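The lines below spell out each chain.
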Amino acid sequence: MLLETQISLKPNHTLDHLFDANTKEEYAEYIEKTVQYLKSFLENDQFYSGASPEELRMFKNDISVESGDTLTIDETLQKIKTVFLDHAISFHHSNYVAHLNCPLALPALVGDLIASTVNTAVETWDQSTTATLIEQEMIRWICDLMNLPSQADGVFTSGGTQSNFKAILMARDHYAFTHYGINLKENGWSDQVSRFRIFCSDKAHFSTKKNAALLGMGYDAVIPVATDDKMKMDSNALVQAIEKEKQLGNIPIAIVATAGTTDFGSFDPLQTISKIAREYDIWFHVDGAYGGCYVLTDTHRHLLNGIEHADSITIDFHKTLFQPVCSSAFLVRDTRHFKYVSYYADYLNPLEHRDEEQPNLIEKSIQTTRRFDALKLWFTLKVTGKENLGFFLEKVHHLAVEVYESIKEDTHFEVAHKPELSTLVFRFKTPGIQDDKTLNAINLHIKNTLFNSGQASVASTKLNGNIYLKFTLLNPRNRKENLLDIITMIKDQGIQYYTSNN
Ligand SMILES: *Cc1c(COP(=O)(O)O)cnc(C)c1O
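Residues numbered from 1 in each chain as written. Predicted model: local features only at pLDDT ≥ 70, side-chain atom pairs only at ≥ 80, totals over all residues. Heavy atoms only, no water.

### A word on the overall build of the chain
Alright, step 1. Scanning the chain from terminus to terminus reveals 17 helices and 12 strands.
Alright, step 2. The globule rule puts the C-alpha radius of gyration for 502 residues at 23 Å, and the 25 Å found for the chain is close to it.
Alright, step 3. In the chain, 72% of the contacts between residues at least 6 apart in sequence involve partners at least 24 apart.
Alright, step 4. In the structure as shown, the chain presents an accessible area of about 25,200 Å², 52% of it carried by carbon and sulfur atoms.
Alright, step 5. One way to put it: in the chain the 48 positive side-chain charges average out to a point 5 Å from where the 64 negative ones average out. (Helix = DSSP H or I, 4+ residues; strand = E, 2+ residues; numbered from the N terminus. Rg over C-alpha atoms; globule rule 2.2 N^0.38 Å. Contact = heavy atoms within 4.5 Å. Areas by Shrake-Rupley, 256 points an atom, 1.4 Å probe, with all protein chains shown as cover. Lys, Arg positive; Asp, Glu negative; His and termini not counted. Charge placed at Lys NZ, Arg CZ, Asp CG, Glu CD.)

### So, the packing of helix α5 (residues 106-119) against helix α14 (residues 374-383)
Alright, step 1. Where α5 meets α14, the axes come as close as 7 Å, and the angle between the chain directions of the two elements is 145°. The two elements α5 and α14 meet at a crossing, and its hand is right-handed. Here Pro 107, Ala 108, Val 110, Gly 111, Asp 112, Ile 114 and Ala 115 of α5 lie close against α14, whose contacting residues are Leu 375, Lys 376, Phe 379, Thr 380 and Val 383.
Alright, step 2. Its residues assigned to classes, the contact of α5 with α14 shows eight nonpolar, two polar and two charged. (Axes fitted to C-alpha atoms, helices over the stretch in contact; angles between N-to-C directions. Left-handed = near helix turned anticlockwise from the far one by under 90°. Nonpolar A, V, L, I, M, F, W, Y, C, P; charged D, E, K, R; others polar.)

### Comments concerning the sheet that holds strand β1 (residues 96-97)
Alright, step 1. Taken together, the five strands give an open sheet; going across it, the order is β1-β11-β12-β10-β9, and neighbouring strands pair in mixed fashion. Every other strand in the sheet has two partners, leaving β1 and β9 (413-415) as the edge strands with one partner each.
Alright, step 2. Bridge count between β1 and strand β11 (residues 457-463): two bridges; the pairing is parallel. Among the inter-strand pairings, Val 97 is bridged to a residue of β11, identified as Val 458. (Pairing = 2+ DSSP bridges.)

### Brief notes about a nonpolar patch on the surface
Alright, step 1. Side chains of Leu 104, Leu 106 and Leu 109 sit close together on the surface and give an oily, nonpolar patch of about 290 Å² of accessible area.
Alright, step 2. Here Leu 109 lies in helix α5.
Alright, step 3. Residue classification places Leu 109 among the partly exposed positions, given a relative accessible area of 38%. (Patch = residues over 30% accessible without salt bridge, like charges linked within 9 Å, V, L, I, M, F, W, Y side chains within 5 Å. Salt bridge = Lys/Arg side-chain N within 4 Å of Asp/Glu carboxyl O. Buried < 20%, exposed > 50% of the residue type's maximum accessible area, 1.4 Å probe, protein only.)

### Quick notes on the pattern of salt bridges
Alright, step 1. All told, the structure shown has 29 salt bridges when counted by the stated rule.
Alright, step 2. Among the salt bridges present, the one from Lys 33 reaches Glu 29, with a minimum N-O distance of 2.8 Å. Of this pair, Lys 33 and Glu 29 both sit in helix α1 (residues 24-42), four residues apart, roughly one helical turn.

### Focus on the packing of aromatic side chains
Alright, step 1. Overall, the coordinates contain 17 aromatic pairs when judged by the stated rule.
Alright, step 2. Consider the rings of Tyr 180 and Phe 196, whose centres lie 6.5 Å apart with planes at 20°: the pair is stacked. One end of the pair, Tyr 180, is in helix α8 (residues 160-180); the other, Phe 196, is in strand β3 (residues 196-201), and 16 residues separate them in sequence.
Alright, step 3. The exposure class of Tyr 180 is partly exposed, given its relative accessible area of 33%.
Alright, step 4. A ring pair is formed by Phe 330 and Phe 338, whose centres lie 6.4 Å apart and whose planes are at 75°; its orientation type is edge-to-face.
Alright, step 5. Residue classification places Phe 330 among the buried positions, given a relative accessible area of 0%. (Phe/Tyr/Trp six-rings, centres within 6.5 Å; stacked < 30°, edge-to-face > 60°.)

As structure tokens, then:
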């Protein structure tokens, strides 16, 4: 019998596209060519081309991978320029002030290139070697900055949403285990869990609700707590909410405090909330996805006082430390709590081979294959340094305050808050209009018009059911004059819309 081991080698079959010792020159050539295209991306003069969705859909054939013919790298780079780079949103552009996307630190890009190219997977020691030590060093660094005790630990995650997920999972499983001896990880659902309740402010990130749902507890398990006029959790309202749930027969298990709310940058009173959590003997999680990195500043460090009492912390370096996505960490007060997510797989990290000297980070992660994201941060700290990063953050906060001071008395604007971090929520108004419905329509029109023309990207959000505009400032190179130009565009659009519709 003939074994069919023969593979057919057609003329266009090539091994030259694999990264290995044979292709060093090709590799260098590819990267150098790519760098030229990325340099030209930086020369785009608007934050966005302003192409309409219909115009972008016209690239359908260029995007399609169905046609059998392959292209050269030059042809493909040219194509991706036309299809994508010419229409990509530039987060580094000074007229991009919409979401929590930061401009990138150059050293982070070097770290990311190395991480992608070597392609280290950090889940086990035998795949990662010193990458494990570098991740652990980054975790130790941030735990120390947060003044967590020596048994604290952490792991890099895909983002704040996943970090918050781990917090709720741990809080839930820890409560079930310590109060009822229930092992949810091994035995699954238990009736008591249906009565578990988590408290966060009504300005907290949506991921707490979403995660509660993903964990089978449902949105109803999350109790929103009222905020004060500075958009911070009202601690009296928190105690009342906890008492009320207890009276209803429900079981408070965790408080999620926010250090830097997504819309308002407000810090919940961590010190007071930590005491309330201790009093009720429930988990205290701090969502510092946005504000956590402000621990590097002199201006805001004190707002994090109390975080040292947290049972767990979320911090996003891809929000406020000039890192490419993903770069985020989940920190936990006591490393033993990782037992709620750990799993020992025969082929990866068998329990009997557990060795403190060669740790397997998979024991702390809900991901298996995981990127070496810590390297970008390591490069940034080594080259840019934490003082500079702290300065960047102080700078963008200062910009937000300057814009606030400039428009707070302006009769065409209503500001919702004084910036505590680097966002500013406000809306266009005009003395002739009282009703919110019209104001909502105008503000939405302003946002869409500026975006569609490629002039500026401003975010919108809702406050008390009404549409507001939002600046999220993360670019330390931005200037007050430039931001006031955007304010003028907003005003002009608003007045124009109002006069042409009346
Ligand atoms: C952005 C944000 C999150 C979610 O983080 P991702 O990295 O986008 O998953 C969670 N909490 C707060 C307060 C945030 O601002």
